[in-house]
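Close look at the chain arrangement
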Protein chains: 2
Amino acid sequence: MPRVEIFNREDVLEKAVKLFHNKGYNATSMQDLVDATGLNRSSIYNSFGSKMELYQQSLRAYKAQANKYVQKVLVHNSDPLETIRKIFATSPDDKVNGCLLGNCTTEMANQDIDIKNFLTNNLISMQDLFVELVASGQASGSINGNKSAKDYAAYLFTALQGIRVTGILLDEQKDFESIVDTMLSVLE
Amino acid sequence: MPRVEIFNREDVLEKAVKLFHNKGYNATSMQDLVDATGLNRSSIYNSFGSKMELYQQSLRAYKAQANKYVQKVLVHNSDPLETIRKIFATSPDDKVNGCLLGNCTTEMANQDIDIKNFLTNNLISMQDLFVELVASGQASGSINGNKSAKDYAAYLFTALQGIRVTGILLDEQKDFESIVDTMLSVLE
DNA sequence: ATAATTTTGAAACGTTCATTTCAAATAAAA
DNA sequence: TTTTATTTGAAATGAACGTTTCAAAATTAT
């Protein structure tokens, strides 16, 4: 009986991600979202609830997208250190705008407990990933055993946040790569 | 002849810094600033120009405050590595809110060219400081020579950004310290 | 005291904000 | 084709935004 949703939910979220990634939560207006998605204002509220709910769904979409990239790297690489290096590589959007989740941390984590919990869960899952990679590298001898896999994982996550912030200010790709080199040299 | 400014400019800026540090630029309203500073709306505009100008002056005040702390550490410490460790230590405000300049980077650098330039200058001056400290540590043998002082300086600045972001999410001081330990272990 | 000059307070400016409303258009099910 | 449920478009909501205005209060120099 009902008329059905005409737009593709994933496409809309992708456009919302782009917008929030570029401007952040507070500087993005509902009008911006209407313009960028091509959806009607009412349709956005019908389908996504509110600006805040759309933002949170955008965070999830961004995370899912990042996970997909990581999975792709995991399949094609056997060397853990090289896998970590690929994770540190920056997408064009991240180069200009930083990491959406890192930006969200600085903008929202101290204001919104739900978002802080989401970000903490992301921190945990990323660290779990790094623990596995580091442990595997330590087992095969390509990563040293000076620190525990857990210590290195916590370090890697934090270093990753750093390069996503500083990267916004860096114009030269070689500066970026040199910093990542030094970051990963701890593991060698 | 004229009536003179009754408020202390530094005190007002300190309060503005606290506010921008806690909420960021876009989420801070002029009403918030009026409430927090106790100044009249007109007085703020008379004395600071606009919200954006007040923000930029707050960034400068924050940087000056940080420089003052660094100078104090430099006077009381002779060991470069220990000095760097003290710079990595976090003030209570930074613990909850991150680094104001880092937050500014993620919120504004890709939107406002003047602010980006200011942040780039800060990056350069911080790296210069780290270059001196690392070079001095390398000269005295407490820091290794695996990489150049410049490479280590760029790394340290970026690592610092990272711990200021992740620190927002960390509840345990020991997690924080462990990450800094790993970060600085590259130099040893 | 008076004059000169600035700060102050309060109100108002026009704009934009997120969100709601609701009739008209639409499309699948009956 | 009619019914039914949903989306759509456009307008309206009231609140908040940054900024300006301006007369009144305040303060220093004359």
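To start, this report covers the structure provided alongside it. No experiment lies behind these values; they were computed from the predicted model shown. (Residues numbered from 1 in each chain as written. Chains lettered and ligands numbered in written order. Predicted model: local features only at pLDDT ≥ 70, side-chain atom pairs only at ≥ 80, totals over all residues. Heavy atoms only, no water.)

**Considerations on the interface of chain B and chain A**
- With 41 residues of chain B at the contact, the number on the chain A side is 41 residues.
- Both faces considered, chain B and chain A share a buried interface measuring about 3400 Å² in area, 65% of it formed by carbon and sulfur atoms.
- In this assembly, chain B and chain A are joined by two salt bridges.
- Across the pair A:Asp171 and B:Lys116 runs a salt bridge, and its minimum N-O distance is 3.9 Å.
- Between chain B and chain A we count twelve residue pairs in polar contact (both at pLDDT 80 or more) in total.
- Within the residue set of the side of chain B that touches chain A, elements represented by two or more residues are helix H1 (9-23), helix H6 (92-97), helix H7 (100-108), helix H8 (113-140), helix H9 (149-169) and helix H10 (173-185) of chain B.
- Sort the elements by how many residues they give to the side of chain B that touches chain A and H9(B) lands first, with 14 residues.
- For the side of chain B that touches chain A, a count of residues per class yields 18 nonpolar, 17 polar and six charged. (Contact = heavy atoms within 4.5 Å. Buried area = accessible area lost by both parts, 1.4 Å probe. Salt bridge = Lys/Arg side-chain N within 4 Å of Asp/Glu carboxyl O. Polar contact = N/O pair within 3.5 Å; in protein donor to acceptor, adjacent residues only side chain to side chain. Helix = DSSP H or I, 4+ residues; strand = E, 2+ residues; numbered from the N terminus. Nonpolar A, V, L, I, M, F, W, Y, C, P; charged D, E, K, R; others polar.)

**Here we look at the relation of the copies chain B and chain A**
- At an RMSD of 0.0 Å, chain B and chain A line up after a rotation of 180 degrees and a shift of 0.0 Å along the axis. The two molecules are tied by a two-fold rotation axis, judged by turn and shift. Of every C-alpha in chain B, the one belonging to B:Gly162 sits nearest the axis of rotation, 1.7 Å from it.
- In this assembly, 100% of the residues forming the interface of chain B have copies in chain A that are likewise at the interface, indicating an isologous arrangement. (Least-squares fit on C-alpha atoms with pLDDT ≥ 70 in both.)

**As for the state of the cysteines**
- Inspection of the entire model under this criterion finds zero disulfides over all chains.
- Of all cysteine sulfurs, the one in B:Cys104 lies closest to B:Cys99, which takes part in no disulfide; the gap is 9.2 Å. (Disulfide = S-S within 2.5 Å.)

**Overview of helix H2 (residues 30-37) of chain B**
Residue and element names in this part refer to chain B.
- Buried within H2 are the following residues: Met30, Leu33, Val34 and Thr37. The arc that holds every buried residue of H2, seen down its axis, measures 100 degrees, which confines them to one face.
- Following H2 by one or two positions, glycine 38 adopts a phi angle in the positive range, close to 75 degrees. (Buried < 20%, exposed > 50% of the residue type's maximum accessible area, 1.4 Å probe, protein only. Arc of directions from axis to C-beta.)

**A closer look at helix H10 (residues 173-185) of chain A**
- Given a rise of 1.5 Å per residue, 13 residues ought to cover 18 Å, and the 18 Å separating the end C-alpha atoms of H10(A) matches this to within 8%.
- For H10(A), every residue scored as buried is listed here: A:Phe176, A:Ser178, A:Ile179, A:Val180, A:Thr182, A:Met183, A:Leu184 and A:Ser185.
- Residues of H10(A) that are buried make contact with helix H5 (80-88) and helix H9 (149-169) of chain A together with H9 of chain B. (Expected span 1.5 Å × (residues − 1).)

**Notes on the pattern of salt bridges**
- Counted under the stated rule, the structure contains 14 salt bridges over all chains.
- The shortest N-O distance in the salt bridge between B:Arg85 and B:Asp181 comes to 2.8 Å. Here the residue B:Arg85 occupies a position in helix H5 (residues 80-88), and B:Asp181 occupies one in helix H10, the gap between them amounting to 96 residues.
- Residue B:Arg85 is classed as partly exposed on the basis of its relative accessible area of 24%.
- One salt-bridge network, held together by shared partners, links A:Arg85, A:Asp181 and A:Glu188.

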